[in-house]
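# Examining the three-dimensional arrangement
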Amino acid sequence: MLVLVVNAGSSSLKLRVVDDGDATVAAADLPAVEEVEPGDLAAALDGLGPADAVGHRIVHGGREFRAPVVVDAAVRDRIAALASLAPLHQPRSLHALDAVSRAVPHLPAVACFDTAFHATLPPEAATYAVPAPWRDELGVRRYGFHGLSHAYAARRAVGMGAPPRRIVTCHLGAGASLAAVREGRSVDTTMGFTPLEGLVMATRAGSVDPGAVLWLVTGAGLAADRVADALEHDSGLVALAGTPDMHAVVERAAAGDADAGLALGVVGHRLRAGIAAMAAALGGLDALVFTGGVGENAPVVRAMAAGGLGFLGVAVDADANATARPDADVTAPGSAVRVLVVAAREEVEIARGVRRALT
């Protein structure tokens, strides 16, 4: 089965055709889906060649969608009803689903959810200590995100020889999150009700005291929409160092820039604490896996994270880490924990989900 994978991001629409051997046999990158003309999309799809089905990355599956699902009108409406939980991502994914379905109406479409991998979180990891009506009626709980990437990274790590029992996967990019994976199942993660919780990211603050957010609105008098926009777009690296680019932050920190140095320190502090928390959820650590744009391409970040985790048995080979490209083993001799760098391949996980849903 050849699967056309559709991933609608904020700045691009990525199209990939994946075969049964997990190889990407055709690819095209278009502008953001809102900017793509129907004729241009049709031409791009023709250029990719044949496909047997379409898999769409959908960020939020809510409480209902815990596995890939074939899309029909009712499913499409239920996905749309979740837009308030991911207002920046869900409408874009739906736009792409509709546009591609119009272009290739003869192909079955399957929705694959970033939250689904974390549907296995135990109640103690998924539950917020908030009033029952919020939890039961409004669905306030920890959903987790980047699940497609975490699932692939954990499975690939096992394929590279890592023990499957206690793996922490680090998806580090513009968005960033960690997952504690036991035998292929997510048991904890750093993102929660929204992708704002957890690690410091390119433009997102990560975890912030909710009291501070409430004070900004009720005490400082800032408009709620202004605060929400700032936490999503004007925080993280861009707030601390003036740029969302981790490569630039690393270079400036090395040159002595104080703001960049602070930004790198904050990122490292939060990252080490998060990895340790994930290891605690697993009862120990057998493998530490880095993936995503930063995880794959920023040796300094990997070294910074691992350097504070010696008490867990983590040790990185400095030379291997400095030159590593995915897929690579950067474990130091004698380390009790395997440290791996894995290429992010969400398209493979989506293609596998499509095959499960249709067979």
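Below is a short write-up of the structure.

Here is what the cut-offs are and how they apply
- Residues numbered from 1 in each chain as written.
- Predicted model: local features only at pLDDT ≥ 70, side-chain atom pairs only at ≥ 80, totals over all residues.
- Heavy atoms only, no water.
- Pairing = 2+ DSSP bridges.
- Helix = DSSP H or I, 4+ residues; strand = E, 2+ residues; numbered from the N terminus.
- Contact = heavy atoms within 4.5 Å.
- Axes fitted to C-alpha atoms, helices over the stretch in contact; angles between N-to-C directions.
- Phe/Tyr/Trp six-rings, centres within 6.5 Å; stacked < 30°, edge-to-face > 60°.
- Buried < 20%, exposed > 50% of the residue type's maximum accessible area, 1.4 Å probe, protein only.
- Lys NZ or Arg CZ within 6 Å of the ring centre and 35° of its normal.
- Core = buried A, V, L, I, M, F, W, Y, C linked by side-chain atoms within 4.5 Å.
- Salt bridge = Lys/Arg side-chain N within 4 Å of Asp/Glu carboxyl O.
- Polar contact = N/O pair within 3.5 Å; in protein donor to acceptor, adjacent residues only side chain to side chain.
- Parallel < 35°, antiparallel > 145°, perpendicular 65-115°, else oblique.
- Left-handed = near helix turned anticlockwise from the far one by under 90°.
- Nonpolar A, V, L, I, M, F, W, Y, C, P; charged D, E, K, R; others polar.

## Remarks on the sheet that holds strand 2 (residues 12-18)
Read across the open sheet, the 6 strands follow the order 3-2-1-4-6-5; overall the sheet is mixed. Single-partner strands in this sheet number two, and they are strand 3 (24-31) and strand 5 (69-70). Two elements, strand 2 and strand 3, share 7 bridges in a ladder whose sense is antiparallel. Pairing of V18 across the sheet is with T24, part of strand 3. Of the strands in this sheet, strand 1 (3-8), strand 2 and strand 3 touch helix 1 (residues 38-48), which is tilted by about 25° from strand 2. Against the sheet, helix 15 (residues 346-358) engages strand 1, strand 2, strand 3, strand 4 (53-58), strand 5 and strand 6 (109-113), with an angle of about 120° to strand 4.

## Quick look at the packing of aromatic side chains
Describing an aromatic ring pair means giving the distance of the ring centres and the angle of the ring planes. This structure, assessed with the given rule, holds 2 aromatic pairs. Judged by centre distance (4.8 Å) and plane angle (10°), the ring pair of F65 and F113 falls under stacked. Remark: F113 occurs in strand 6 and F65 occurs in the loop between strand 4 and strand 5; sequence separation between them is 48 residues. Each ring, one from Y143 and one from F193, has its centre 6.0 Å from the other, and the planes form 40°; the classification is tilted. Of the two residues, Y143 is situated in the loop between helix 5 (132-136) and helix 6 (147-159) and F193 in the loop between strand 9 (185-189) and helix 7 (210-218); the sequence distance between them amounts to 50 residues. A relative accessible area of 23% places F193 in the partly exposed class. Above the plane of the ring of Y143 lies R141, whose end atom (NZ or CZ) is 5.3 Å from the centre.

## A closer look at the nonpolar core
Within the largest apolar cluster, 46 residues are counted, with the highest numbers of intra-cluster contacts made by L172, M246, I275 and L288. Setting aside residues up to four positions removed in sequence, I275 forms contacts with V168, C170, L178, L288, A305 and L309. If you look at the next biggest cluster of nonpolar residues, it comprises 22 residues, including V6, V36, A44 and L107.

## Remarks on the pairing of strand 12 (residues 338-341)
Where strand 10 (residues 287-291) meets strand 12, 4 bridges bridge the pair, whose relative direction is parallel. By the bridge assignment, V289 is partnered in strand 12 with L340.

## Some words on the environment of L199
Structurally, L199 can be placed in the loop between strand 9 and helix 7. With 23 residues separating them in the primary sequence, L199 and A176 have C-alpha atoms 6.2 Å apart. Excluding residues within four positions of it along the chain, L199 makes contact with L172, A176, S177, L178, T190, A205, G206, R270 and L271.

## Structural notes on the pattern of salt bridges
Two side chains of opposite charge can pair, provided their charged atoms sit close to one another. Counting across every chain of the model gives 16 salt bridges. A salt bridge links R142 to E197, with the shortest nitrogen-to-oxygen separation between them at 3.8 Å. You can see R142 sitting in the loop between helix 5 and helix 6 and its partner E197 sitting in the loop between strand 9 and helix 7, a full 55 residues away along the chain. The exposure class of E197 is partly exposed, given its relative accessible area of 23%. Two residues, D286 and R166, come together in a salt bridge whose shortest N-O distance is 2.9 Å. In this pair, D286 sits in the loop between helix 11 (258-282) and strand 10 while R166 sits in the loop between helix 6 and strand 7 (167-172), placing the two residues 120 residues apart along the sequence. Here D286 and R166 have matching classes, each one buried.

## Notes on the sheet that holds strand 10
One open sheet accounts for 6 strands, arranged 9-8-7-10-12-11; its pairing is mixed. With one partner strand each, in any of the chains shown, strand 9 and strand 11 (328-329) form the two edges of the open sheet. Packing against the sheet, helix 6 makes contact with strand 7, strand 8 (176-182), strand 10 and strand 12, and its axis sits at approximately 130° to strand 7.

## Description of the side chain of R166
Given the relative accessible area of 16%, R166 is considered buried. For R166, the side chain forms a polar contact with the main-chain oxygen of G283, separated by 2.9 Å. Among residues more than four places away in sequence, those in contact with R166 are V181, L282, G283, G284, L285, D286 and A287.

## What about the packing of helix 11 against helix 13 (residues 299-307)?
One way to put it is that helix 11 packs onto helix 13 with a least axis distance of 8 Å and a crossing angle of 50°. Classified by the angle between their axes, helix 11 and helix 13 sit oblique to one another. The way helix 11 lies across helix 13 gives a crossing that is right-handed. For the pair helix 11 and helix 13, the contacting residues are L264, V267, G268, L271, R272 and I275 in the first and V300, V301, M304 and A305 in the second. Residue composition of the contact of helix 11 with helix 13, by class: 8 nonpolar, 1 polar and 1 charged.

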